[in-house]
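Report on the structure
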Amino acid sequence: MINNNIKTSIATASKVIGNTWPLYSFVTSNPLSGYETSTFTEATKQASKHLGARVFPKAHVFKQAWDNNEIDKYELSKLLKENGLKKSPETYISKLTCYKEKTSENPFHVLDVIMTKWLAAFMDEGLAEWQMPNKTKGFYKSWRQLAKYDNDVSIKRTNDLPKTKEEALNTVLNGISEEDYTNIFKLHIAALPGWTGYINHRNQYDTVWQNTYPIDLEDYLAVRLSIASNLGIDINSILTNKPECDSVLQLQLIFLKAWEKTLQNTIVELVDTSKSEKKTNKTIETVDAQLVFCIDTRSELIRRHVEAKGNYQTYGYAGFFGIAMDYQDLKEGINRKSCPPILNSAYKVTEKPQAGKEEAVNRLEIKNDRDTFWNYFFRRMKNMLPSGFGFVEGTGVFYGLLMIARTLVPSKLYAVKKKTAQNHEAICETHCEPVTPTVGYHSMTLDEKVAIVKSGFDLMGWKTFAPLIVFTGHGSHTANNPFGSSLDCGACAASPGRHNARLLAKLANDNEVRAALSYKYNISIPNNTVFIGAEHNTTTDEIVLFDSQIPVSHNSLVADLKASLVEAQKTASQQRLGMVEKSITTANKKANSWSETRPEWGLAKNAAFIIGSRELTKGKDLDGRSFLHSYDWEMDKEGKALEGIMQGPMVVTQWINNHYYFSTVDNETFGGGTKITQNITGKFGVLQGNGGDLRMGLPLQSVNKTDTEMYHQPLRLSVLIHAPLERVNTILLNNEHLKSLLDNEWIYLMVMDANDKNTVKRYSKNMNWTWPTKEKKERKARPSTKEEFEKELA
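Computed from a predicted model, the values in this text were never measured in an experiment.

**Quick word on the nonpolar core**
- By size, the foremost hydrophobic cluster in this structure holds 190 residues, and its most contacted members are Leu119, Phe185, Phe471, Val728, Leu732 and Leu749.
- Counting residues per element, this core draws most heavily on helix α13 (residues 246-276), at 14 residues.
- Ignoring sequence-local partners within four residues, the contact set of phenylalanine 185 consists of Ile6, Ser9, Ile10, Ala13, Leu173, Leu221 and Leu225.
- Core analysis: the next-biggest nonpolar cluster, separate from the first, contains 20 residues, Ala534, Ile550, Leu561 and Ala572 among them.

The structure is reproduced here in structure tokens:
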């Protein structure tokens, strides 16, 4: 039996790492999530100490921001004064530039190499042809049976090792003070944060692979410390990594805060401008269609261009559309989570034939079975020893021609694929499976259907209904991209949001649901209003409508909308790619080119989250930097809708923001490194080269323009809410976790106080508020030269 102190120490030590998500469901999350109860400053110090990581942007990044006027001199002056620093910003930038980061020497390099070999073999999820024996017994027991065959260690007999992981830990820790347990465990868990983060993930989400082939941090430590003991490595070696000196960390934090404050001022000024303009809310008579997009920053661009093409209104809503579901793919039959990871899936959603299209679905299923067989056949022919060489020789010409086509004409190949693809949405409709609660799901009752639809209308502050309403999920299309799922919908656990959108449209079209909404909640949906699902391809800016069940009466509206969406795709891709001619062709080429390291920027540059009506930002170019959630404080009398937005989307956007932040400031530790030298391991992760730690974050090409020039600006998330301040205060007092994120500066909050002439107020620790708008006059006269700046500081 394991010592309770050991178990407690492992639990404490595990906080030094977050979760590493698998490639097929690459959810962006805060890599320092274990420290969220600490202040951002303290958490970054601990990460620097235990992981040897850089936690603030490099000096040249701050210089780029300074040169681009993205750091306001007044804000920087104020922060420097508050911290007793009296020289010019250029002086401190020079100091940061001249500072040489301390190099790290890893005393456990040999141990890490051996461990990664065993972890990759045990945790493989179907990539390896020959699986490691005895995996069902767990990591430690499986390793114990095979350790004597490892030439890197000198274990002669299996019986030389303790039989269980508990005995192994007790053995290697014998003679060591219990007070040192936590530090030892931190040291070895943080040595391979990518691998241990994935062990965390498998345990936290109780995956199928984890249930079949169990591994936990006790297994990991038992194997690692047993190998260290065998090799005579001191398990309590002191790392040569030293955190940056306090003066450097202080300067970096000051520059970061000034940069963040500058962005917040820009947001305040933008909202001030928009709220002073004359409102031109369209009435129901002039709106041809309403489109709901995900709050994703990439939706900001396409929403502007859609609105400019006709009489359309757009809304922002979390891309899982309020449905906690898993989706079973028609082609592969695999269940995938399609809602935020923080929610348990209540429903299992599948596909069923539309009325009169059963034969077409049957043909599609036969085709899918045939494709599955041939894919399996070709894979076996390539991988089996007897056939491998002959198969490659015989099919070389075919694969050679395909390689040439994919390299030279990827956009044309993409067009052919689109034309010949048979999309099941044209013949199928979503269906919530009637299942028993024993498998974790349950059937969707009428009350639940009504609640899902009503919740969407409540959260978005919906007032009127157009004849055509489109729920638009989003996904991406890329080729040869291990991180493809990171470009899909984060609210759908890195899956496309099209299935959730189609299901919500189906629920909203249900006559029983409409009747219940009318007599229970006085929400009357006109008889001529039709809901449909759609998908926004964020790589090409194309929006596809799933309109196969649209009534004839709406054909003209749909045709007009499709024409407008084609025009919106053209202008949106022109702005996004910075080109006038052939923007759609270029986007399609990027989507299908297997040599493209950056098919799209994803959520790079995300820095803000605005919760309020579209009128706050309509017509404003936010440069794809802001999440946008529709909300009407006047309709939300009890604050329940706002509380739901703050508990869910605001927390999730903070995860996304911190994932991008840390992947940018230290791509080697928190990111994925360059795509050029990546190799996939076990179907779930990537390594740099042929070994090393599992990469936990985004690749370099997702956050940088070049190896040294930034694209994503590493700033913490700034949230702006349009609502009465008292309402926000009440929500924070009732949700300690939200208040903690603010007090610890993982996230910033500003409130446009609806009960105080829309004055924007900024949150500071312990429920205090300041008035940023009062600072405008102070910022008018800013020093322009180094001498003037130092004189002002003095």
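**A short note on the environment of asparagine 592**
- Topologically, asparagine 592 is positioned in helix α22 (residues 583-592).
- When its relative accessible area of 4% is taken as the criterion, asparagine 592 is described as buried.
- As a C-alpha pair, asparagine 592 and serine 548 span 44 residues in sequence and 27 Å in three-dimensional space.

**Regarding helix α15 (residues 358-383)**
- The terminal C-alpha atoms of α15, which comprises 26 residues, lie 37 Å apart, in line with the 38 Å expected from a rise of 1.5 Å per residue.
- If you check which residues of α15 are buried, you get Ala360, Val361, Leu364 and Asn368.
- Packing partners of the buried residues in α15 comprise β5 (347-353) and β6 (428-432).

**A few points about the sheet that holds strand β1 (residues 289-294)**
- What the five strands build is an open sheet, ordered β2-β1-β7-β8-β9; its pairing is mixed. The open sheet has two edge strands, β2 (312-317) and β9 (542-546), and neither has a second partner. Averaged over neighbouring strand pairs, the angle between their axes works out to 25° when direction is ignored.
- Running at roughly 170° to strand β8 (residues 530-537), helix α19 (residues 498-509) makes contact with β7 (468-475), β8 and β9 of the sheet.

**Examining the pairing of β9**
- Among the five residues that make up β9, four are buried, leaving the element largely enclosed by the rest of the structure.
- Two elements, β8 and β9, share five bridges in a ladder whose sense is antiparallel. If you follow glutamate 535 over to β9, its bridge partner there is valine 544.
- Here β8 folds back onto β9 in antiparallel fashion, the turn holding four residues, of which aspartate 541 has a positive phi close to 70°.

**As for the sheet that holds strand β10 (residues 608-611)**
- Strand order in the open sheet formed by six strands is β11-β10-β14-β15-β16-β17, with mixed pairing between adjacent strands. Taken across any chain shown, the strands that pair with only one partner, and hence form the sheet edges, are β11 (626-629) and β17 (768-770). Direction aside, neighbouring strands of the sheet carry axes that sit 25° apart on average.
- The sheet contact formed by strand β14 (residues 717-723) and strand β15 (residues 747-753) spans seven bridges and is parallel. Considered in β15, the bridge of leucine 717 is made with isoleucine 747.
- In this fold helix α24 (residues 649-665) packs onto β10, β11, β14 and β15, with an angle of close to 160° to the strand it touches most, β14.
- Helix-sheet contacts for helix α25 (residues 725-734) involve β14, β15, β16 (759-764) and β17, and the interaxial angle to β15 is about 145°.

**Looking at the packing of aromatic side chains**
- As enumerated under the stated definition, the model contains 33 aromatic pairs in all.
- Between the aromatic rings of phenylalanine 62 and tryptophan 259, the centroid separation amounts to 6.1 Å while the plane-to-plane angle is 65°, which identifies the pairing as edge-to-face. In this pair, phenylalanine 62 is assigned in helix α3 (residues 59-67) and tryptophan 259 in helix α13, connecting sequence segments 197 residues apart.
- The exposure class of phenylalanine 62 is buried, given its relative accessible area of 0%.
- Here tryptophan 259 falls in the buried class, since its relative accessible area comes to 1%.
- Here a set of aromatic residues connected by ring pairs shows up, and it is made of Tyr315, Tyr317, Phe321, Phe457, Trp462, Phe465, Phe471 and Phe531.
- We note arginine 502 situated over the ring of phenylalanine 546; from NZ or CZ to the ring centre the distance is 6.0 Å.
- It is lysine 605 that lies over the ring of tyrosine 711; its NZ or CZ is 4.8 Å from the centre.

**Side note on helix α14 (residues 297-307)**
- Burial analysis of α14 places 11 of its 11 residues in the buried class, the great majority of the element.
- Restricting attention to buried positions, one finds in α14 the residues Thr297, Arg298, Ser299, Glu300, Leu301, Ile302, Arg303, Arg304, His305, Val306 and Glu307.
- Residue aspartate 296 occupies the N-cap position of α14, its side-chain oxygen lying 2.7 Å from the main-chain nitrogen of arginine 298.

**Points about unusual backbone geometry**
- Of note in this structure, glutamate 745 is not a glycine but carries a positive phi near 60°.
- Positive phi, close to 65°, is recorded for asparagine 766, a residue that is not glycine.
- By secondary structure assignment, the location of asparagine 766 is in the loop between β16 and β17.

**Thoughts on the pairing of β10**
- Neither face of β10 is exposed, since Ala608 and Ile610 on one face and Phe609 and Ile611 on the opposite face are all buried.
- In this structure, β10 lies alongside β11, joined through four bridges in parallel fashion. Bridge assignment links phenylalanine 609 to a residue of β11, and that residue is phenylalanine 627.
- Pairing geometry for β10 and β14, over four bridges, is parallel. Opposite isoleucine 611, over in β14, you have isoleucine 721 as the bridge partner.

**A few points about the environment of alanine 168**
- Here alanine 168 is to be found in helix α8 (residues 165-172).
- Classification of alanine 168 as buried rests on a relative accessible area of 1%.
- Sequence spacing of alanine 168 and serine 226 is 58 residues, and the spatial spacing of their C-alpha atoms is 6.8 Å.

What counts, and at which threshold
- Per chain, residue numbering runs from 1 following the sequence as it is written.
- Owing to the predicted nature of the model, reporting of local features is limited to residues with pLDDT of at least 70; listing and counting of side-chain atom pairs is limited to 80 or more, with chain, interface and lining totals taken over all residues.
- Hydrogens and water are ignored here; the side-chain numbers use all heavy atoms of the structure.
- For our purposes a nonpolar core is just a set of buried Ala, Val, Leu, Ile, Met, Phe, Trp, Tyr and Cys residues, chained together by side-chain atoms within 4.5 Å.
- We call a residue buried when its accessible area falls under 20% of the maximum for its residue type, exposed when it is over 50%, and partly exposed in between, using a 1.4 Å probe and counting protein chains only.
- Numbering of helices and strands runs from the N terminus; a helix is a DSSP stretch of H or I covering at least four residues, while a strand is a stretch of E covering at least two.
- Only heavy atoms matter for contacts: two residues are in contact if any of them lie within 4.5 Å across the pair.
- By this rule, a helix spans an expected 1.5 Å times one less than how many residues it contains.
- A pair of strands is treated as paired once DSSP finds two or more bridges between them.
- Simply put, an axis is a line fit to the C-alpha atoms, just over the touching stretch for a helix, and the angle between two N-to-C directions goes from 0 to 180 degrees.
- Note on aromatic pairs: the rings of Phe, Tyr and Trp (six-membered ring only in Trp) are paired at centre separations within 6.5 Å, and the planes decide the class, stacked below 30 degrees, edge-to-face beyond 60, tilted for the rest.
- We call a charge positioned above a ring when the Lys NZ or Arg CZ atom is no farther than 6 Å from the ring centre and deviates by at most 35 degrees from the ring normal.
- Here a polar contact is recorded for every N or O atom pair within 3.5 Å, except that within protein the pair must consist of a potential hydrogen donor and a potential acceptor, and residues adjacent in sequence are included only if both atoms are side-chain atoms.

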